[in-house]
Amino acid sequence: MNWITNYVRPRINSIFSRRETPENLWQKCDECGTMLFHRELSENLNVCTSCGHHMVIAPRARFAALFDGGVFAEIAVPEPIADPLLFRDQKKYPDRLKAAQKATGEKEAMLVATGEIGRTPIVAVAQDFSFMGGSMGMYVGNAIVAAAEEAVKLKRPLILFSAAGGARMQEGILSLMQMPRSTVAVQMLKEAGLPYIVVLTHPTTGGVTASYAMLGDIQIAEPNALICFAGPRVIEQTLGERLPDGFQRAEYLLDHGMLDRVTPRTALRDELISITRMLLGLPPAVRGDLPPPAPDPVTETPAPAPEAPATPDAKAPPATGKADAKP
Amino acid sequence: MTQYLDFEKPLAEIEGKAEELRALARTNTEMDVADEAAALDAKAAKLLDDLYKDLTPWRKCQIARHPERPHCKDYIAELFTEFTPLAGDRNFADDLAVIGGLARFQDRPVMVIGHEKGHDTKSRIERNFGMARPEGYRKAVRLMKTADRFGLPVVTLVDTAGAYPGKGAEERGQSEAIARSTEVCLQVGVPLVSVIIGEGGSGGAVAFATANRVAMLEHSIYSVISPEGCASILWKNAEKMREAAEALRLTAQDLKKLGVIDRIITEPKGGAHRARTETMETVGTAIAQMLKDLDGKDRAALIADRRRKFLDMGSKGLAA
């Protein structure tokens, strides 16, 4: 037995089995075993309140917590050709897709949105590991291209949350071609002088790591996220030896110079606001829970009003460093 | 002499018999075996025709991996002059799985880069069977940038099972190295042409094949994952590689239909390994034509051409 069977597999299993019991009010932390009340867990962004273990979070929930007041506008992603290779393994690809859609309630493995974080307009993309392992097919490629085009059009930075087992085998070579394709999207951002920030979440592997997920101006990872090109199982099979503890985990990559930062999910929002605003040359953000943005497009002048008066608005408590933006 | 693939067994028998007859005749001059040997030759030729007429994707994988198939080094020796290998990534090591350097192609100075698998046990180990580590991709990045600075076209020869899945490779940023190489392929303002001469294995291939023009030898393969790998994941059984090879659409013929490659280079009957020089010459002609296609395009046009090409990937499916 090794840590893959003891540790990774139970966690992957738990990710997949969790959706089958949404009625369950209590959830067991798959790291420390503590029973966590669902509301408390979701308020803590699916980070175990006992041991700090980061569990999977759906893109929609992540965006609700990321954007000011939980408000964001979804960007439509062009529909790719369905089942371009007429792929059959033991199941037909369209059947696998339908099953994933039913299980997640999402159309595909990536969500694109615009909104504001700390009053800073951004475009955000999040990959959904629950949807066929977040795998990168043509839809994911389309989503990244659409996000980059939108960011360039609106002159906004792009923040991308990656989570994927790699390329989508059922789209064969066309999924592989999303590697150069998404790289073109990254180049559009760089040419427009717009920040591209990547947050690598558990797990980010294969062709995804070897393309857009490693090309950020800033590379941040969530704690203990598995980040690699070849998975640990493949390497152990190739080498026939055990890998060191923590191999290919976020902290290990940080030690080896492959990341800028490892940041807990609960501190990510503040950090992203701070980094984005510095890269854009904007003044420091107003901290704390912010109401949804005004209906009018926000001009980039800071709004000192809420902070300046000695009697802060009840809706905007002073900053605590906690990135909890539930309205 | 020739190494036969499993599906070529019957062919091996006939060709073996013909060879035996001729050997016998050499030691025994009174024997006249010419007619009989010729008949066997004809039979073998017919069988070879039949075998190669309608190859399954899995058989193509086997041919693409044939140990006697011409490799990168062979092409460089045959098609280029003044080859001057340039080594190292200026950071950690020189990765021998990737060969690169200055050379002349039909007198024109170019930068040639490719994966080299090696041809015997010693060279295969030395070259890590053509599976590059981050240093290989970083060397390629360095060479592409040099080519870009001096306006030299880049020719890449792709032949790898994939990037090396090793501990050190991961620690030194295999994925970042591949991503960066792909990025630089898209950035260079010089013509970049690529030929998949054997195996185009996943990200390790994309890192060199993100080119203005991509050609594939008739029996080479290009895939997101090896058929064995795909079979073990989707069929939970690596023995189902035939089915996986079928499903993945990894042949030059399918990839042309999907718009992933621009041209197919015909191989001699019985595959590249049966007529190595002839194959290499045909590849040379294809490289010359691809470079000619790009003549007269300036930096911006070359970059825009590559971008358009890869942004359009996925606009064609196989469905009727």
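Predicted model only: the values in this text are computed from it and were never measured.

Thoughts on the pattern of salt bridges
Under the criterion given, the structure shown has 43 salt bridges over all chains. Here Arg119(A) ties to Asp68(A) by a salt bridge, and the two come within 3.7 Å at their closest N and O atoms. Here Arg119(A) is found in the loop between strand 4 (110–117) and strand 5 (120–127), whereas its partner Asp68(A) is found in the loop between helix 3 (59–66) and strand 3 (72–74), with 51 residues between them in sequence. Taking the relative accessible area as the measure of exposure, Arg119(A) reaches 23% and is therefore partly exposed. A salt bridge links Glu82(B) to Arg104(B), with the nearest nitrogen and oxygen atoms 2.8 Å apart. Separated by 22 residues along the polypeptide, Glu82(B) in strand 1 (residues 80–85) and Arg104(B) in strand 2 (residues 98–105) bring together distant segments of the chain. Shared partners join several salt bridges into a network, and the residues in it are Lys190(A), Arg138(B), Glu176(B), Arg180(B) and Glu183(B).

Some thoughts on the UniProt feature "zinc finger region: C4-type" (unreviewed entry) in chain A
Taking the numbering used here, the UniProt-annotated feature "zinc finger region: C4-type" (unreviewed entry) corresponds to residues 29–51 of chain A. For the annotated span residues 29–51 of chain A, helix accounts for 26% and strand for 13% of the residues, and the straight-line distance between the end C-alpha atoms is 9 Å.

Regarding the sheet that holds strand 5 of chain A
Either a parallel or an antiparallel arrangement is found when strands of a sheet pair, and the pairing is made through backbone hydrogen bonds. Residue and element names in this part refer to chain A. Sheet architecture is open: 7 strands sit in the order 3-4-5-6-7-8-9, paired in mixed fashion. Either end of the sheet is taken by a strand with one partner, and the two such strands are strand 3 and strand 9 (261–262). In the sheet, strand 8 (residues 218–221) pairs with strand 9 via 2 bridges, with the strands oriented parallel. By the bridge assignment for strand 9, Ile220 is matched with Arg261.

A few points about the pairing of strand 3 (residues 108–115) of chain B
Residue and element names in this part refer to chain B. By the criterion of burial, strand 3 is predominantly enclosed, with 6 of the 8 residues buried. The sheet contact formed by strand 3 and strand 4 (residues 154–160) spans 4 bridges and is parallel. When the sheet's bridge partners are listed, Gly114 is paired in strand 4 with Leu157.

With respect to the nonpolar core
With 119 residues, the main nonpolar core has Ile173(A), Met177(A), Tyr212(A), Ile227(A), Ile113(B), Tyr222(B) and Val260(B) as its most contacted residues. Ranked by the residues each element gives to this core, the list is headed by helix 5 (residues 138–154) of chain A, at 9 residues. What Met177(A) contacts, discounting residues up to four positions off in sequence, is Val206(B), Tyr222(B), Val260(B), Phe310(B) and Met313(B). Judged by nonpolar contacts, the second largest core, of 26 residues, contains Leu79(B), Ala103(B), Val193(B) and Ile265(B).

Some points on the UniProt feature "domain: CoA carboxyltransferase C-terminal" (unreviewed entry) in chain B
Feature annotation in UniProt assigns "domain: CoA carboxyltransferase C-terminal" (unreviewed entry) to the following positions: residues 39–293 of chain B. Split by type, residues 39–293 of chain B is 48% helix and 20% strand. Its first and last C-alpha atoms lie 46 Å apart.

Things to note about the interface of chain B and chain A
Chain B puts 48 residues into the contact, and the matching count from chain A is 50 residues. The interface formed by chain B and chain A holds 2 salt bridges in total. As a salt-bridge pair, Glu191(A) and Arg307(B) come within 2.5 Å of each other at their nearest N and O atoms. Summed over the shared surface of chain B and chain A, the number is 10 residue pairs in polar contact (both at pLDDT 80 or more). Sorting the residues of the side of chain B that touches chain A by element identifies helix 7 (167–171), helix 8 (174–187), helix 9 (202–209), strand 7 (221–223), helix 10 (227–235), helix 11 (241–248) and helix 14 (299–311) of chain B as the ones contributing at least two each.

Remarks on the state of the cysteines
Under the defined criterion, the tally for this structure stands at 0 disulfides over all chains. The cysteine Cys228(A) is free of any disulfide, with Cys230(B) supplying the nearest cysteine sulfur at 18 Å. Unpaired in this structure, Cys61(B) has its nearest cysteine sulfur neighbour in Cys230(B), at a distance of 11 Å. We classify Cys61(B) as buried; its relative accessible area is 0%.

So, how was this worked out
The residue numbering used here restarts from 1 in each chain and proceeds along that chain's sequence as written. The order in which chains are written sets their letters, starting at A; the order in which ligands are written sets their numbers, starting at 1. Local features in a predicted model are, by the rule used here, given only for residues with pLDDT of at least 70; side-chain atom pairs are given and counted only at 80 or more, and totals for whole chains, interfaces and linings are based on all residues. Side-chain numbers come from the whole structure's heavy atoms, not from hydrogens or water. We define a salt bridge as a side-chain nitrogen of Lys or Arg found within 4 Å of a carboxyl oxygen belonging to Asp or Glu. Counting from the N terminus, the helices are the DSSP runs of H or I reaching at least four residues and the strands are the DSSP runs of E reaching at least two. For the exposure calls, accessible area comes from a 1.4 Å probe over protein chains only, and a residue counts as buried if that area is under 20% of its type's maximum, exposed if over 50%, partly exposed in between. UniProt positions are given in the numbering used here, feature names are shortened, and annotations may be inferred rather than shown by experiment. Two strands make a pair as long as DSSP finds a minimum of two bridges between them. Nine residue types can take part in a nonpolar core, namely buried Ala, Val, Leu, Ile, Met, Phe, Trp, Tyr and Cys, and a core is a set of them joined through side-chain atoms within 4.5 Å. A contact between two residues is defined here by any heavy atoms of the two lying within 4.5 Å. Under this definition, polar contacts are N or O atom pairs within 3.5 Å; protein pairs additionally need one hydrogen-donor-capable and one acceptor-capable atom, and for neighbouring residues in sequence, both atoms have to be side-chain atoms. Cysteine sulfur atoms are paired as a disulfide whenever they come within 2.5 Å of each other.

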